Amino acid sequence: MQHTLKSSVMFKGTGLHSGRPATMVLRPAAAGYGIWFKRTDIELGDAMIPAAYDVVERSPLCTRLVNDAGVSVSTVEHIMAALAGCGVHNALIEIDGPEVPIMDGSSIAFVRGIVACGVRQQAAPVLAYEIVEPVTVEREGAKATLLPSDRQEIEFHIDFDDKAIGKQSMTLDMHNGTFARELCDSRTFCRRADVEAMRANGLALGGSLDNAVVVQDDEVLTPGGFRHKDEAVRHKMLDALGDLYLAGGPILGRYVGEKSGHAMTNTLLRKLFETPGAVRPVLCTPEQAARLPGYGVVWAEIPQVA
């Protein structure tokens, strides 16, 4: 069955790219509502933005949603991953600015808030999207694929010149609280040269060593280093789960990313829904729902990080 929050939960922080303070409140919503953002600082015009793949303004740096009135909210991937990973299907997300707070660069603060708040079951089955035929997109050595599966799986491969990251691969079945246990504490990462380039272009103004893992060649500049030796590929999987949840529900299928990112995952979703016979909506049976992210999330399994 579908789930929403038992009560509202608030998060405060700073936007990664804007550098602006941000307050975000997750509120319960009725069955069938889906996930919507509401810009509370917008007094005139349409302040509502659907969490949907077809309103994404594609960017390699983050996922930005823009409604028909031009009102936007960016860096939504980490909160979307937390909602997917905790099995929240319906919620209104109120935010007082254009960017979701980055917190520590991962989803762990959001997961802790959602699990502490609790979720409640609703009187409607979960709508999922079952992959029927393989769909693939490729560009400049990167590739993203969705394959048929009776559960949601994510496989990811990365290859960076910086020795601190190098080649990493990981595959996970996302059911039974896997996201909370394995991925939610993995932080965004970048090279020092990328930080300098982004700031020169007015981006990453809220970035710091407290909310990103910064590397330079074989050195990790962030105090304490990586939380996992393969934290980089784990974070790419976190991003993929959040971006895939913009399908409008969980996906029954296997996602394979090879040097992929936000823009490519969105291109893949667009191709999926444009390809006749590639995907079909299904109202999940209890057995199918038990194989989706969010089923069996337990507080004790959330990683204990600062």
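Above this text sits the structure in question.
Conventions and cut-offs
The numbers attached to residues start from 1 for each chain and follow its sequence in the written order. For a predicted model such as this one, the threshold for reporting local features is a pLDDT of at least 70, and the threshold for listing and counting side-chain atom pairs is 80 or more; totals across whole chains, interfaces and linings nevertheless cover every residue. Side-chain numbers come from the whole structure's heavy atoms, not from hydrogens or water. Helix axes are fitted only over the stretch in contact, all axes being lines through C-alpha atoms; the angle between N-to-C directions runs from 0 to 180 degrees. By the criteria applied, helices consist of DSSP H or I runs no shorter than four residues and strands consist of E runs no shorter than two, each listed in order from the N terminus. Each helix crossing is assigned a hand: it is left-handed if the near helix lies turned anticlockwise from the far helix by less than a right angle, otherwise right-handed if that turn is clockwise. By definition, residues are in contact when any of their heavy atoms lie within 4.5 Å. Throughout this entry, Asp, Glu, Lys and Arg are counted as charged residues, while Ala, Val, Leu, Ile, Met, Phe, Trp, Tyr, Cys and Pro are counted as nonpolar. The remaining residues, Gly among them, count as polar. Strand pairing is assigned whenever DSSP identifies at least 2 bridges connecting the two strands. Here the expected length of a helix is defined as 1.5 Å per residue gap, with one fewer gap than residues. Exposure classes here rest on a 1.4 Å probe applied to the protein chains alone. A residue is buried below 20% of its type maximum, exposed above 50%, and partly exposed in between. The term nonpolar core refers to a set of buried residues drawn from Ala, Val, Leu, Ile, Met, Phe, Trp, Tyr and Cys, joined through side-chain atoms within 4.5 Å. Think of a salt bridge as a Lys or Arg side-chain nitrogen and an Asp or Glu carboxyl oxygen that are within 4 Å of each other. By the criterion applied in these results, polar contacts are pairs of N or O atoms within 3.5 Å in which, for protein atoms, one can donate a hydrogen and the other can accept it, and in which residues neighboring in sequence qualify only through two side-chain atoms.

Chemist: I keep staring at the packing of helix H5 (residues 231-244) against helix H6 (residues 262-274) and nothing clicks. Help me out?
Modeler: Helix packing geometry: the angle between the two helix axes and the distance between the axes. For the pair H5 and H6, interaxial distance at closest approach is 10 Å and the crossing angle is 35 degrees. In this structure, H5 meets H6 at a crossing whose hand is right-handed. On H6, the residues touching Asp239, Asp243 and Leu244 of H5 are His262, Thr265 and Leu269. Taken together, the residues of the contact of H5 with H6 sort by class into 2 nonpolar, 2 polar and 2 charged.

Chemist: Is there a simple way to think about the pairing of strand S17 (residues 213-216) in this case?
Modeler: On a regular strand, one side chain projects to one face of the sheet and the next to the other, so that they alternate. Two elements, strand S16 (residues 189-191) and S17, share 3 bridges in a ladder whose sense is parallel. Considered in S17, the bridge of arginine 191 is made with valine 215. Sheet topology note: the S17/strand S18 (residues 219-220) ladder contains 2 bridges and is antiparallel. Looking at S18, one finds that valine 215 is bridged to valine 220. Where S17 folds back onto S18 in an antiparallel hairpin, the turn is made up of 2 residues, including aspartate 217, whose phi is positive at roughly 60 degrees.

Chemist: For this particular structure, what's the right way to read the sheet that holds strand S6 (residues 56-57)?
Modeler: Sheets are built from strands paired through backbone hydrogen bonds, the pairs being either parallel or antiparallel. Here we have 3 strands laid out as an open sheet, ordered S6-S7-S8, and antiparallel in their pairing. Since the sheet does not close on itself, it has two edges, and those belong to S6 and strand S8 (72-74), each with one partner. With 2 bridges connecting them, S6 and strand S7 (residues 64-66) associate as antiparallel partners. Note on S7: the bridge partner recorded for valine 56 is leucine 65.

Chemist: I would appreciate a short explanation of the sheet that holds strand S3 (residues 21-28) in the present structure.
Modeler: Overall, mixed pairing links the 5 strands, which are arranged S2-S3-S9-S4-S5 in an open sheet. The sheet is open, and its two edges are formed by strand S2 (9-14) and strand S5 (48-50), each paired on a single side. With direction set aside, neighbouring strand axes in the sheet form an average angle of 25 degrees. With 5 bridges connecting them, strand S4 (residues 35-39) and strand S9 (residues 91-95) associate as parallel partners. Its bridge partner lying in S9, tryptophan 36 is registered against leucine 92. Running over the sheet, helix H1 (residues 77-85) touches S3, S4 and S9 and is turned about 145 degrees from S4.

Chemist: Hey, could you run me through the environment of aspartate 217 in this one?
Modeler: By the secondary structure assignment, aspartate 217 is in the loop between S17 and S18. As a C-alpha pair, aspartate 217 and arginine 254 span 37 residues in sequence and 32 Å in three-dimensional space. Non-local contacts of aspartate 217, meaning those with residues more than four positions away in its chain, are made with Asp162, Lys163 and Ala164.

Chemist: Help me out: how do you make sense of H5 in this one?
Modeler: One turn of an α-helix holds 3.6 residues; hence residues three or four places apart share an orientation. The end-to-end C-alpha distance of H5 is 20 Å, a good match for the 20 Å that 14 residues give at a rise of 1.5 Å each. Extensive coverage of H5 is indicated by the burial of 14 of its 14 residues.

Chemist: It is not clear to me how the nonpolar core should be interpreted in this structure. Could you clarify?
Modeler: Grouped together as the largest cluster of nonpolar side chains are 75 residues, with contacts concentrated most on Leu26, Phe37, Leu65, Ile79 and Leu83. When residues in this core are grouped by element, the largest group, 7 residues, is from H5. Among residues more than four places away in sequence, those in contact with isoleucine 79 are Met24, Leu26, Phe37, Ile93, Val100 and Phe110. Grouped together as the second largest cluster of nonpolar side chains are 7 residues, Val126, Ala128, Val282 and Leu292 included.

Chemist: What's the story with unusual backbone geometry in this structure? I'm lost.
Modeler: Across the chain, the bulk of peptide bonds are trans and the bulk of non-glycine residues have phi less than zero. The phi dihedral of threonine 75 is positive, around 55 degrees, even though this residue is not glycine. For threonine 75, the location among the structural elements is in the loop between S8 and H1.

Chemist: Even after reading the chapter, I still don't get the pattern of salt bridges, so can you show me in this structure?
Modeler: One side chain can pair with another of opposite charge once the charged atoms of both are near each other. Counted by the stated rule, this structure contains 13 salt bridges. Close ionic contact of glutamate 153 with arginine 254 constitutes a salt bridge, the shortest N to O distance being 3.4 Å. Within this pair, whereas glutamate 153 is found in strand S14 (residues 152-159), its partner arginine 254 is found in strand S19 (residues 251-258), the two being separated by 101 residues in sequence. Relative accessible area serves as the criterion here: at 17%, glutamate 153 is assigned to the buried category.

Chemist: Explanation requested: the side chain of serine 149 in the structure shown.
Modeler: Inspection of the secondary structure puts serine 149 in the loop between strand S13 (142-148) and S14. Among the polar contacts listed, one links the side chain of serine 149 to the backbone oxygen of arginine 151, at a separation of 3.3 Å. If sequence neighbours within four positions are ignored, serine 149 has contacts with Leu252, Gly253 and Arg254.

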